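Here are the chains, one letter per residue:
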Amino acid sequence: MNDHAHDSHDHHHEESFVRKYIFSLDHKMIGKQFLIFGLIMFMVGGGLALLFRWQLAWPDRPVPIIGVSQTYLEEGEVATAADRKWEERFDDDKETWLETNMPSGVIDPAFYNSLFTMHATIMVFFVVVPLLVGAFGNFLIPLMIGTRDMAFPVLNMLSFWSNMLGAVIMMAGFFVPGGHAGAGWTGYAPLSSVVDLSGVNWGQNLWCISLIVMGISSLMGSINYITTIINMRAPGMTWFRLPLAIWALFIVAILLLLAFPVVASALALILFDRMAGTSFFLATGGGDPLLWQHLFWFFAHPEVYILILPGMGMASEMLPVFARKPIFGYKSMVFAMIAIAFLSWIVWGHHMFQSGMNPALGLSFMTTTMLIAVPSAIKTFNWLGTLHRASIRFTVPMLHSLAFVSMFVIGGLSGIFMANAPVDIYIHDTYFIVAHIHYVVFGGSVFAIFGGIFYWFPKMYGRHMNATLGKVHFWISFLAFNGVFFPMHILGVGGHMRRIANPMQYEFLQQMQPISAQPINVFITICAFILGAAQFLLLINVFWSIFRGKVAEQNPWQANTLEWHAPTPVPHGNFGAIPQVHHGPYEYSVPGADKDWTPQTEPNGESPHGEPVPAGATAD
Amino acid sequence: MKWLNFPAWLPENVSTFGQGVDNLFILIYWITAIVFLAVMAVLVVFIIKYRFQEGRNAEYIEGSTTLEIVWTAATTVIVFGLAMLSLPQWNKIKFPSQFPGNPGAVVQVNGKQFNWDMTYPGPDGEWGTDDDLQLENQLHVPVNEVVHIRLTADDVIHSFFVPQLRLKQDALPGRFINMWFEATKPGTYEIPCAELCGFGHSGMLGYLTVHTEEDYAAWISERWGE
Amino acid sequence: MMVFTFRVFSSILMNELDHTSSEPVEGDNRPLSNARLAVLVLVAAEIMFFAGLIGTFLVFRLGSVTWPPPAQADVRLPIGVTGLNTIVLLLSGYTMLQGLRAIRHDRHKELKNWLCVTGILGVIFLAVQGSEWVRLVHHGFTLSSGVYGSVFYVLIGCHALHVLIAVLWLLAVFVRAIAGRFSMNHYVGVEVCAIYWAFVVVLWPLLYVLVYLI
Ligand code: HEA
Ligand code: HEA
Ligand code: CUA
Ligand SMILES: [Cu+2]
């Protein structure tokens, strides 16, 4: 065991394939592992979404390719190869997986429930968190604070592999008898806690177990991040010289650390209810169904800010670089993030306005929730301020950052409707919420992820991604994204409930004024397919550029932060000598300087703000 | 551009408190629309005006405390104002102590997988007696009269939702939740279930029939005689 | 949790105790070493885990008119024995502290003795808890006897599991102590274990008061 620790500091040692690419202890490799893992899971989660989007647009029509043809349905005549296959399936006595979940290729309502449940679970826990916190957190923290690796490299590796284990357990759920968990990503009890009420047996158990494993993985990650950021900053890297991305990751690590154990305890209680005969969430046994909601949202509200804060941090890195200007109001950006994190603990009840909890609580939750608009406003206006009198370069990362800002504003503003308890009476559990979710997590987090991949790719792989392909991917994604999710606001206002497999069962949705919900759903689905197809461009760009991209120089964007000070490709141990930091990360276009950027490692003599720091000064 | 005016998509409102909800919705709609358009306008102007041009450099501006204070204060005022405005509306709809009295009908609604059971207490006004009337998925109420509902569920959580009434309330197993409404227009409205409750959630559907005064009297006498 | 704690533990040991080869630049001015900080952070997470369970307990406790609920009215929790057991656990906290003090003054033999005593006290605590559980189960009071039984066993059981982890951790430290791995300049391994031990000890009186007394 001891040898491992030495290896990570040994620059000349040749490593075996397994040590280097699989059980790697190097934070950069672990970050890349998270990146590839997250991208693959993004395909899975998105694929599930496309599957149920089909059902929403054309309810009860067989899915193309897999399902039977229209002629077969109407006339019983075998017309395609799929029809023949289905004839065979119906004839033999075995009930296959496909027959249970998609008889004739039509998505069964119970399977529909599993589909959106797993879509959301995968997207939240196996895509956005692993990408933002796992990939960028691992890659950026040691590089940006100027140290050689994480505080606990082994813990770091275990964090990735337990994450993988969680994913395997989660995916296994699709293939157990009874089907996968179908109680929504929120897993409301007693639907989720009593086997007989949903008919789902091991699917829900595995869902719980997988999330507990994920919790352990995040716990290991956050212990590492917190320790590393507190203890291992390079000399001169004071708290207020930290890049905002690091601040964001630090705050997120604290949120993860404190939030996940709560849901772990709640998940354990669900497991006890399901498997040991307790009745924590069952009224007939003296339990309380609202208890689950309180515990879940106490975790899940901080969780949604876990999904957005790193995105905010990364956008705050990219905007100044491509605006060639300091970030506007650095300290207020930091305090705004701290305020968001703090407030996130006392607003969970806004998911429960209509749940039957005491309406008097609704009032306080409404006020605290709306207060989150204040730090969010600070952030938004500071991003705008950063663009004021700038010199903007429209690179691919910049486009994504600008999309992040504008889409986050839409998502945030729709949050204000829902935060308003009386209005939420009407729009709760409608597509208005679904629109909100996706504007913040896709428009926000995922665009930040896309931008971040483009921005840090040269440091990760030593090569550039293709900018033209990147722009094409950006514009198709951006337009299709709005095509998918903007009309959902309209559906929501029309009263379209979420989590329903067949909207056409409802008269008021068919008669929705001025346009029926049906054509809107078709439009959404078509845009969703375009959005999905566009992601292939990203995938191709990533994998092609890893091997064939234009070779990148050390500091291609002319940025200030320490990761660009490290050689490309970054060796083991990151830096030749640990750098000395002289000032904050956003000293762009300093008057009188010879170039328009001033790396954190360079003292900026004449600048009015960069008082020279004596060499060897220490972190505070 | 009618489709951008979200409030136009709201279904017709047929309850006395619905207008209050709609007004709040419209108010927030205009506030957020203006904020959004302002932010986008500034963004677009900035990215056009301050795009990279040969010979012009970015300016070194680190921030502005005055501006910071201005937008913090402005947002705080707006959101607190909104909270204060919505307070009475919320109380009116959800606080049992503020429900209007003299109900023209009292019904127990019971959600179960995957139906709504409506139980009328009958002339004696008590549940659990012989003259109770139980209907499946049919709720009949008089127009322009207050209706009190006792909401509960048998198995899992369901949610009683009537879009045209602007009313939604989760039904919890083992608990009775009181709510009220007053419909202003006769007709039949759907009662979808709005909380995921299992494979039959989609399609769990009841009907609310709002009768005119005479119709309702006739309906009552048909069930219980005079 | 158990597997996890072991992993943290081994990783910390590996990194911190055999860390001498790494450069000193980064860490000179740290008020807390990495290992100490990490264990404190871990304890914070554990506190939130128990906060979830205690919250659950309080929801039921405050939500019911009589406690125990009527169906379990005849259950008598062993207040007296557990009270004594509480003292045993508190005592083990004291002995752990003595062990830490010993190694700070480079008294190796004393360290080993104190660790041994601490471990034995921990095992006694677990044994008494276990036997009381067996007795309760024999009386028909089980995990599925309503929420009263459920919260009792889950809350107390989770604590017992944590004591077990702490005992195993202590055992590992004890083995290292015998092998002479600690000295007055190098006792982080003892200290992080002591922090965790302190957590399970301090948590207990709170649970005792909540679950047994009120
Ligand atoms: C990244 C994730 C993310 C983020 C950042 C947010 C941010 C916010 N969310 Fe969202 N939310 C989710 C993810 C997220 N949410 C998810 C996944 C759900 C659904 C869960 C489920 O049921 O499945 C949900 C559900 C949800 C609900 C429950 C709805 C319901 O079920 O009935 C509510 C209610 O209050 C809410 C409110 C808010 C608010 C007020 C914010 C605020 O933080 C937004 C603040 C931002 C702004 C306001 C914009 C910028 C500010 C300005 C431009 C200044 C000017 C503004 C004013 C003057 C108002 N969210
Ligand atoms: C990070 C979070 C995240 C992301 C990125 C997404 C992305 C998408 N989501 Fe999701 N969604 C949620 C989080 C997310 N969602 C949550 C939390 C819920 C609530 C669930 C609940 O109610 O419990 C939800 C619910 C939800 C619903 C409501 C379901 C319902 O209530 O009935 C819908 C409906 O359209 C939807 C659609 C989509 C679509 C079309 C995308 C698209 O943007 C996806 C685009 C990406 C791809 C398509 C990937 C590319 C794939 C390929 C290139 C491969 C193609 C492969 C095959 C065809 C096999 N989502
Ligand atoms: Cu009942 Cu959904
Ligand atoms: Cu929330």
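So, here is what we can say about the structure in this document. The shown structure was predicted, so the numbers you read here are calculated from the model rather than taken from an experiment.

Parameters at a glance
Residues numbered from 1 in each chain as written. Chains lettered and ligands numbered in written order. Predicted model: local features only at pLDDT ≥ 70, side-chain atom pairs only at ≥ 80, totals over all residues. Heavy atoms only, no water. Pairing = 2+ DSSP bridges. Helix = DSSP H or I, 4+ residues; strand = E, 2+ residues; numbered from the N terminus. Axes fitted to C-alpha atoms, helices over the stretch in contact; angles between N-to-C directions. Donors = N, O, S within 2.8 Å, 3.2 Å for Na, K, Ca; no water. Buried < 20%, exposed > 50% of the residue type's maximum accessible area, 1.4 Å probe, protein only. Lys, Arg positive; Asp, Glu negative; His and termini not counted. Salt bridge = Lys/Arg side-chain N within 4 Å of Asp/Glu carboxyl O. Polar contact = N/O pair within 3.5 Å; in protein donor to acceptor, adjacent residues only side chain to side chain. Contact = heavy atoms within 4.5 Å. Buried area = accessible area lost by both parts, 1.4 Å probe. Near = heavy atom within 4 Å. Nonpolar A, V, L, I, M, F, W, Y, C, P; charged D, E, K, R; others polar. Phe/Tyr/Trp six-rings, centres within 6.5 Å; stacked < 30°, edge-to-face > 60°.

Remarks on the sheet that holds strand β9 (residues 187–192) of chain B
Residues and elements named next belong to chain B.
Then, number 1: Ordered in space as β4-β10-β9, the three strands form an open sheet in which the pairing is mixed. On the outer flanks of this sheet lie β4 (138–142) and β9, each paired with one strand and no other. Neighbour-to-neighbour, the strand axes of this sheet turn through a mean angle of 25°, independent of strand direction.

Here's the deal with the coordination of the iron atom of ligand 1
Residues and elements named next belong to chain A.
Then, number 1: Here the protein supplies the iron atom of ligand 1 with just one donor, H436 (NE2), and that contact is 2.1 Å long.
Then, number 2: The metal-metal distance between the iron atom of ligand 1 and the copper ion (ligand 4) is 4.6 Å.
Then, number 3: As for its position among the elements, H436 is in helix α18 (residues 431–461).

A closer look at the side chain of A:E587
Then, number 1: Position of A:E587 among the secondary structure elements: in the segment after α21 (517–548).
Then, number 2: At 8.8 Å, A:R241 is the nearest oppositely charged side chain to A:E587, a buried residue that forms no salt bridge.
Then, number 3: Within the structure, the side chain of A:E587 is placed 2.8 Å from the side chain of B:Y60, a separation counted as a polar contact.

Focus: the interface of chain A and chain B
Then, number 1: Between chain A and chain B, the residue contacts involve 98 residues of the former and 85 residues of the latter.
Then, number 2: Of the roughly 7,900 Å² buried between chain A and chain B on both sides combined, carbon and sulfur atoms contribute 73%.
Then, number 3: For chain A, the biggest contributors to the area lost against chain B are A:R389, A:I425 and A:Y426; these three give 9% of the whole.
Then, number 4: Where chain A touches chain B, the interface holds three salt bridges.
Then, number 5: For the salt bridge of A:D288 with B:R175, the shortest nitrogen-to-oxygen distance reads 3.4 Å.
Then, number 6: Our count for the contact surface shared by chain A and chain B stands at 26 residue pairs in polar contact (both at pLDDT 80 or more).

With respect to the pattern of salt bridges
Then, number 1: Following the criterion strictly, the structure yields 16 salt bridges over all chains and no others.
Then, number 2: A salt bridge links B:E195 to A:R499, with the shortest nitrogen-to-oxygen separation between them at 3.8 Å. Of this pair, B:E195 sits in the loop between β9 and β10 (205–211) while A:R499 sits in the loop between α19 (467–493) and α20 (507–510), each in a different chain.
Then, number 3: For C:E191, the salt bridge is made with C:R104, and the minimal N-O distance between the two is 3.7 Å.

Focus: the site of ligand 2
Residue and element names in this part refer to chain A.
Then, number 1: Around ligand 2 lies a shell of 33 residues, among which R53, Y112, H119, H438 and R499 are the nearest.
Then, number 2: Sorting the residues of the shell around ligand 2 by element identifies α3 (27–57), α7 (109–145), α18, α19 and α21 as the ones contributing at least two each.
Then, number 3: Looking at side-chain class alone, the shell around ligand 2 contains 23 nonpolar, seven polar and three charged residues.

Considerations on the packing of aromatic side chains
Residues and elements named next belong to chain A.
Then, number 1: Evaluation of the coordinates by the stated rule reveals 92 aromatic pairs over all chains.
Then, number 2: Seen from their ring centres, F42 and F442 are 6.3 Å apart, and the 45° between their planes marks the pair as tilted. Separated by 400 residues along the polypeptide, F42 in helix α3 and F442 in helix α18 bring together distant segments of the chain.
Then, number 3: The class of F42 is buried, set by a relative accessible area of 8%.

No statement about biological role is implied by the geometric values presented.
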